[in-house]
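# Working through the structure, step by step
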Amino acid sequence: MLVIGINGKFPGPILNVTTNWNVVVNVKNNLDEPLLLTWDGIQNRKNSWQDGVLGTNCPIPAGWNWTYQFQVKDQIGSFFYFPSLSFQRAAGGYGGIIVNNREVIPVPFGMPDGDITIFISDWYTKTHKELRKDVEKGTDLGVPDGILINGLGPYRFDGAVVPDGVSYGTINVEPEGGGKQVRCSNLQGLLSPFQSSSKETLVGKIYRLRVHNVGISTSLNFRIQNHNLLLVETEGSYTVQQNYTNMDIHVGQSYSFLVTMDQNASSDYYIVASSQFVNSSASVKATGVAILHYSNSQGPASGPLPDLPNENDPIFSMNQARSIRWNVSAGAARPNPQGSFKYGQITVTDVYVILNRPPELIDGKWRTTLNGISYLPPSTPLKLAQQFNIPGVYKLDFPNRLMNRPPKIDTSLINVTFKGFMEIIFQNNDTTVQSYHMNGYAFFVVGMDFGVWTENSRGIYNKWDGVARCTTQVFPGAWTAILVSLDNAGTWNLRAENLNSWYLGQEVYVNVLNPENDTQESPLPDNTIYCGLLSSLQKDQAQRVKFSDASSLSDAHRGILVMLVIAFLAIFIE
């Protein structure tokens, strides 16, 4: 099976950095098609030139290299990177990003004994090129052929389901004893039926697990046999610390859990990622299983997988999502508490009710839409068209509600003012859970419910401790509302994270410009690749000087230089 590997690995390496570091990533494209990497959750403050999507960057041609240069300004948390073009994420090409606190900023929990990144994803035996052709023809992706954990197949928990010889993952840990304590007294009164019981203190070896759903279309439930998951962070925000026995993680979402190794190690334990909201008769096949191995384990894991009492229950899943709250008393990238930003007291300047629809034929092509518009990427990236004042590349007329007109294919942008405050309501008219992501920002998830959003729906908004994150789920036949403080000038991608929806046009760009001060944005990079109407400016790479120069970065902060070689790898998955 061919996957997209990075530096000979699948998944790729983890970028481990600290708040305010400068990051220089040199990418060599050894694929047979163009490539861009995007940094899911990294805000690229004032620098959408580094965003790695078609609205901001020309693709890196096959055989070329290109250097990304950005600063992880005022951020902490768990994120990931992946290829943003041509359905490539279905074949891999992803890796983790850890942004650590500066030492002067306290973390709202003790230092864990270990830090482990876990990637969970749906997997199809077809190549990404075959999958994108199917989607173009209107063929549904269907139930995945399997679920991977860290790029590996399932442990043989059932001989009738998993054949012999499949490579699976093992996470090695030390048992209880000598670990650090984590205060959990703030759990009292916060538990609900989908959370496990709490303790005053957790003792023993404690590991931080950063779990990312890097799949293409499937919501996954994550759980560890006989172990609680203490949620502490999601996509750059510290959360109210609550224990869960399992967590639904939707496409593109990331969570950090503290897990205490407090079991008797009579055997190994199952780590499970199972598909949610798919055909139940095929769900057993679509289950990923890895092993949690204590150093004093007395034998292999055996028996049935840990039960999921509320499987495929959207009401349960929505209530679980609502229970995730912002830790308003904790500092994050800065010393001031997260809750010092009173988002619920800010006047909204722009309201967009964005309604999706499942694939439909538009001008003879299968397309998906937001507010009746299927986005068409122009040959010249939006940022370059703005930089060189090229007319006719895009329109600033994306409607704030669904218009009473036939759907169309167009390049239409949302135009908003820098320092404004935006309310977006995602209304899901599709039959599957959809995830939506906004580059350049963390937004506040203030409400979600079933049915059609109305003005009266604001009455249930959480205006105090709604979690700030960059990817939110929207259940079928339901809505999710977010608030966004437009403090990051640039042109930013707002998209479906489900690849089939995104690939067919479910995206839009948000144009955030300061009309009075254009110095709010970083200048055009020296190593810009030109394409489309600006192709004549492009020199062959062999003739270019300082192509990978990082001199434009300030020396005021520590930095990291990384080389990523992207290539196809042949591995055995099943």
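Quick note: structure is the one above.
Since we're looking at a predicted model, the values are computed, not measured. Residue positions are counted from 1 within each chain, in the order its sequence is given. Where totals are concerned, whole chains, interfaces and linings use all residues; where local detail is concerned, this predicted model gives features only for residues with pLDDT of at least 70, and gives and counts side-chain atom pairs only at 80 or more. Side-chain numbers here rest on the full set of heavy atoms in the structure, without hydrogens or water.

Moving on: the nonpolar core. We call a set of buried Ala, Val, Leu, Ile, Met, Phe, Trp, Tyr and Cys residues a nonpolar core when their side-chain atoms join them within 4.5 Å. Classification of residues uses two cut-offs on accessible area relative to the type maximum, computed with a 1.4 Å probe and protein chains only: under 20% is buried, over 50% is exposed, and between them is partly exposed. Counting residues in hydrophobic clusters, the biggest one holds 46 residues, and the most contacted among them are Ile118, Ile120, Phe222, Phe257 and Leu292. For this core, the two domains that each supply at least three residues are domain 2 (112–181 + 202–306 + 314–338) and domain 3 (343–513). If near-sequence neighbours (up to four positions away) are discounted, Phe257 is found in contact with Tyr207, Arg208, Leu209, Val211, Phe222, Leu229, Leu230, Leu231, Met247 and Ile249. How far each domain reaches was decided by an automatic or database domain assignment. Contacts are assigned to residue pairs with any non-hydrogen atoms lying within 4.5 Å of each other.

What makes a salt bridge here is a side-chain nitrogen of Lys or Arg within 4 Å of a carboxyl oxygen of Asp or Glu, nothing more. Here the structure, examined in full by the defined rule, presents 20 salt bridges. Here Asp32 makes a salt bridge to Lys129, at a shortest N to O gap of 2.9 Å. Taken as a pair, Asp32 in the loop between β3 (22–29) and β4 (37–40) and Lys129 in helix α1 (residues 128–136) lie far apart in primary sequence, 97 residues in all. In this structure, Asp410 engages Lys408 in a salt bridge whose closest nitrogen and oxygen atoms are separated by 3.5 Å. Its relative accessible area of 12% is what places Asp410 among the buried residues. Each helix is a run of DSSP H or I of at least 4 residues and each strand a run of E of at least 2, with the numbering of both proceeding from the N terminus.

Attention now goes to the sheet that holds strand β30 (residues 471–474). Each strand in a sheet pairs with another by means of backbone hydrogen bonds, the pair being arranged parallel or else antiparallel. A sheet is described by the order of its strands in space; here five strands give the open sequence β25-β33-β32-β27-β30, paired in mixed fashion. In the strand order of this sheet, the two ends are held by β25 (414–417) and β30, each with one partner. Taking the axes of each pair of neighbouring strands and ignoring which way they run, one obtains an average angle of 20 degrees across the sheet. Pairing between two strands is assigned when DSSP locates at least 2 bridges connecting them. Two strands pair when backbone bridges link them, and β25 and strand β33 (residues 507–513) are joined in this way by four bridges, in the parallel orientation. Each axis is a line fitted through C-alpha atoms, and for a helix only the stretch in contact is used; angles between axes span 0 to 180 degrees, taken between their N-to-C directions.

A cavity here means a set of points on a 1 Å grid, drawn over the protein atoms and nothing else, where a 1.4 Å probe fits but cannot get out; a pocket is an open set with protein on both sides within 12 Å along at least five of seven lines, and a residue lines either one if it has an atom within 4 Å of a point. Grid points are joined across faces, edges and corners, and a volume is the space filled by probe spheres set on the points. Here the structure, examined in full by the defined rule, presents four cavities of 30 Å³ or more. Across the lining of the largest cavity, the residue classes tally to seven nonpolar, three polar and no charged. In this structure, the second largest cavity is lined by Arg89, Ala90, Gly92, Tyr94, Ser121, Asp122, Trp123, Val214, Gly215 and Ile216. Amino acid classes used here: Ala, Val, Leu, Ile, Met, Phe, Trp, Tyr, Cys and Pro are nonpolar; Asp, Glu, Lys and Arg are charged; the rest, including Gly, are polar. Considered class by class, the residues forming the lining of the second largest cavity number five nonpolar, three polar and two charged. Both domain 1 (1–106) and domain 2 (112–181 + 202–306 + 314–338) contribute no fewer than three residues apiece to the lining of the second largest cavity.

Our next topic: the pairing of strand β16 (residues 237–244). For β16, a buried count of eight out of eight residues is recorded, marking the element as mostly surrounded by other parts of the structure. Pairing analysis gives five bridges linking strand β15 (residues 229–234) to β16, with the strands arranged antiparallel. Residue pairing in the sheet places Leu230 in a bridge with Asn243 of β16. Remark: two residues form the turn of the hairpin made by β15 and β16, two consecutive strands paired antiparallel; Glu235 in that turn has positive phi of roughly 50 degrees.

Our next topic: the layout of surface pockets. What the largest pocket holds in volume is close to 920 Å³. Along the walls of the largest pocket sit 31 residues, with Gln43, Arg45, Asp74, Arg334 and Asp487 positioned nearest its centre.

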